[in-house]
Amino acid sequence: MILTVTPNPSLDRTYEVPSLERGEVIRATGERMDPGGKGVNVSRAVAAAGRRTVAVLPLGGAPGALVADLLDAQGIEVTAVRVAGATRSNIALAESDGVLTKINAPGPELTAAEQELLLETVREQSRDADWIACCGSLPRGLAPAWYADVVARAHAGGARIALDTSGRALLEALRERPDVVKPNAEELAEAVGRPLSTVGDAVKAAEELREMGARAVLASLGADGQLLVDEAGAWFGSARVDVVRSNVGAGDSSLAGFLIAGGSGPEALASAVAHGAAAVQLPGSVMPSPGDLDPSAVTVTAEVPVDRVLKEPVS
């Protein structure tokens, strides 16, 4: 069982539009409504793969109730922590050329009592978990060290933990040695405080995160592929993608694929790459099922192309 923790979930509405023009009436060619938040997406991808998952998340108001209903319809066990504030609603505009514009609401502010209840709920639900995936931004009210507390409690209970967050919350949590962290290129550059221009730059940055405490780093480099750096070495994975429809939740799908495949080594990286590549070819934040995966399109190598210039350098 994979337990996910999403401190700041959302109700996501995605509209497919021909192009985005300010000040004009834009007619959508397609629309979706999905439960959102990085941990929620990990649970959705795990469920789509036919594996058991439990999603722990604070929910409030009508949007929160709808998120719970949508997750239940997808076969995901929901453990809701009821909060006074309403769950946020986010909007994504996906243009036909693959450009995505997102408008993310801040979300409710959690009280001290709600914060402690969320931590205690994670502890209670983690007893049967193979992995705990803590993902996304922290809502108002939670201190940057909140994830560090979750990691410490998870390890005290004998659980393995994957962390997908950024900024100070990531840096604070590294001291508790999460089993794997999953930054994208921008988050990786932010963590080490310098730009990334090549795959080699990303490898060095991942190694620094390991020196800070991460036991393994699974880094998404967008169209360039993914890196896995751990105590055994470094691997680089990439996949052929025919058409990009939406990258919403692609990184979360990758993390789910990594954990489903055991959460370590090149085989898990190959699964992560396959899931991420499948996700970007689906509309909105649809998570891939096994039939959407194309393992033959994936390449994983220990010969990391360190001199390759990133298609999307991070300044």
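Just so it is clear, the structure is predicted and the values come from calculations on it, not from any experiment.

This paragraph deals with helix 4 (residues 146–156). The complete set of buried residues in helix 4 reads Trp146, Tyr147, Ala148, Val150, Val151 and Ala154. Contact partners of the buried residues in helix 4: strand 1 (2–5), helix 3 (112–125), strand 8 (131–135), strand 9 (160–164) and helix 5 (167–174).

Here we come to the pattern of salt bridges. What the rule picks out here adds up to 16 salt bridges. As a salt-bridge pair, Arg153 and Asp149 come within 3.2 Å of each other at their nearest N and O atoms. Residue Arg153 and its partner Asp149 are both found in helix 4; the two are separated by 4 residues, about one turn of the helix. The partner of Asp242 in a salt bridge is Arg240, with the nearest N and O atoms 3.8 Å apart. What makes Arg240 partly exposed here is its relative accessible area of 48%.

A separate point is the environment of Ala68. You can see Ala68 is positioned in helix 2 (residues 61–73). A relative accessible area of 15% places Ala68 in the buried class. With 11 residues separating them in the primary sequence, Ala68 and Leu57 have C-alpha atoms 9.5 Å apart. Apart from the residues within four sequence positions on either side, Ala68 is in contact with Leu59 and Val78.

This paragraph deals with the pairing of strand 14 (residues 233–239). In this sheet, strand 14 lies alongside strand 13 (residues 226–230) in antiparallel orientation, the contact comprising 5 bridges. Bridge pairing in strand 14 places Val229 opposite Ala234. A loop of 2 residues connects strand 13 with strand 14, the two strands running antiparallel in sequence.

Within the chain, Arg177 stands out as a residue other than glycine whose phi angle is a positive 60°. In this structure Arg177 comes out as partly exposed when scored by relative accessible area, which is 39%.

Before going further, it helps to examine the UniProt feature "domain: Carbohydrate kinase PfkB" (unreviewed entry) in the protein chain. In the numbering used here, UniProt assigns the "domain: Carbohydrate kinase PfkB" (unreviewed entry) feature to residues 16–288. Along residues 16–288 one finds 39% helix and 24% strand; the C-alpha atoms at either end are 19 Å apart.

On to the layout of surface pockets. Taken as a whole, the second largest pocket holds about 200 Å³ of empty space. Contributing to the lining of the second largest pocket are 14 residues, with Asp179, Arg215, Ala216, Gly263 and Ser264 lying nearest its centre. In the lining of the second largest pocket, the residues fall into 4 nonpolar, 3 polar and 7 charged. When we break the lining of the second largest pocket down by domain, the ones giving at least three residues each are domain 1 (1–178) and domain 2 (184–314).

Across all of its chains, the model carries 1 cavity of 30 Å³ or more by this definition. Estimates place the volume of the largest cavity at around 30 Å³. Taken together, Pro9, Pro58, Leu59, Gly60, Val83, Gly85, Thr87 and Pro108 make up the full set of residues lining the largest cavity. Looking at the lining of the largest cavity, its residues break down into 5 nonpolar, 3 polar and no charged.

One finds Ile132, Trp146, Leu209 and Leu227 to be the most contacted residues of the largest nonpolar core, which totals 52 residues. For this core, the domains that each give at least three residues are domain 1 (1–178) and domain 2 (184–314). Not counting the four nearest positions on each side in its chain, Leu209 is found in contact with Leu170, Leu174, Val181, Pro183, Leu188, Ala191, Val192, Ala214 and Val217.

The rules we used
Position numbers for residues start from 1 in each chain and track the written sequence from start to end. Totals for whole chains, interfaces and linings use every residue, but because this is a predicted model, local features are given only for residues with pLDDT of at least 70 and side-chain atom pairs only at 80 or more, for both listing and counting. Side-chain measures here rest on the full set of heavy atoms in the structure, leaving out hydrogens and waters. Burial classification: accessible surface area is computed with a 1.4 Å probe over protein chains only, and a residue below 20% of its type maximum counts as buried, one above 50% as exposed, and the rest as partly exposed. A run of DSSP states H or I qualifies as a helix once it reaches four residues; a run of E qualifies as a strand once it reaches two. Both are numbered from the N-terminal end. Residues count as neighbours in contact if any of their non-hydrogen atoms are within 4.5 Å of one another. Should a side-chain nitrogen of Lys or Arg be within 4 Å of a carboxyl oxygen of Asp or Glu, the pair is scored as a salt bridge. Two strands qualify as a pair provided that DSSP identifies no fewer than 2 bridges between them. UniProt positions are given in the numbering used here, feature names are shortened, and annotations may be inferred rather than shown by experiment. For cavity detection a 1 Å grid was placed over the protein atoms alone, and a set of points counts as a cavity when a 1.4 Å probe fits there but cannot get out; an open set counts as a pocket when protein lies on both sides within 12 Å along at least five of seven lines, with lining residues being those that have an atom within 4 Å of a point. Grid points are joined across faces, edges and corners, and a volume is the space filled by probe spheres set on the points. Basically, the charged four are Asp, Glu, Lys and Arg, the nonpolar ten are Ala, Val, Leu, Ile, Met, Phe, Trp, Tyr, Cys and Pro, and anything else, Gly included, counts as polar. Source of the domain bounds: an automatic or database domain assignment. Put simply, a nonpolar core is a bunch of buried Ala, Val, Leu, Ile, Met, Phe, Trp, Tyr and Cys residues held in one set by side-chain atoms that sit within 4.5 Å of each other.

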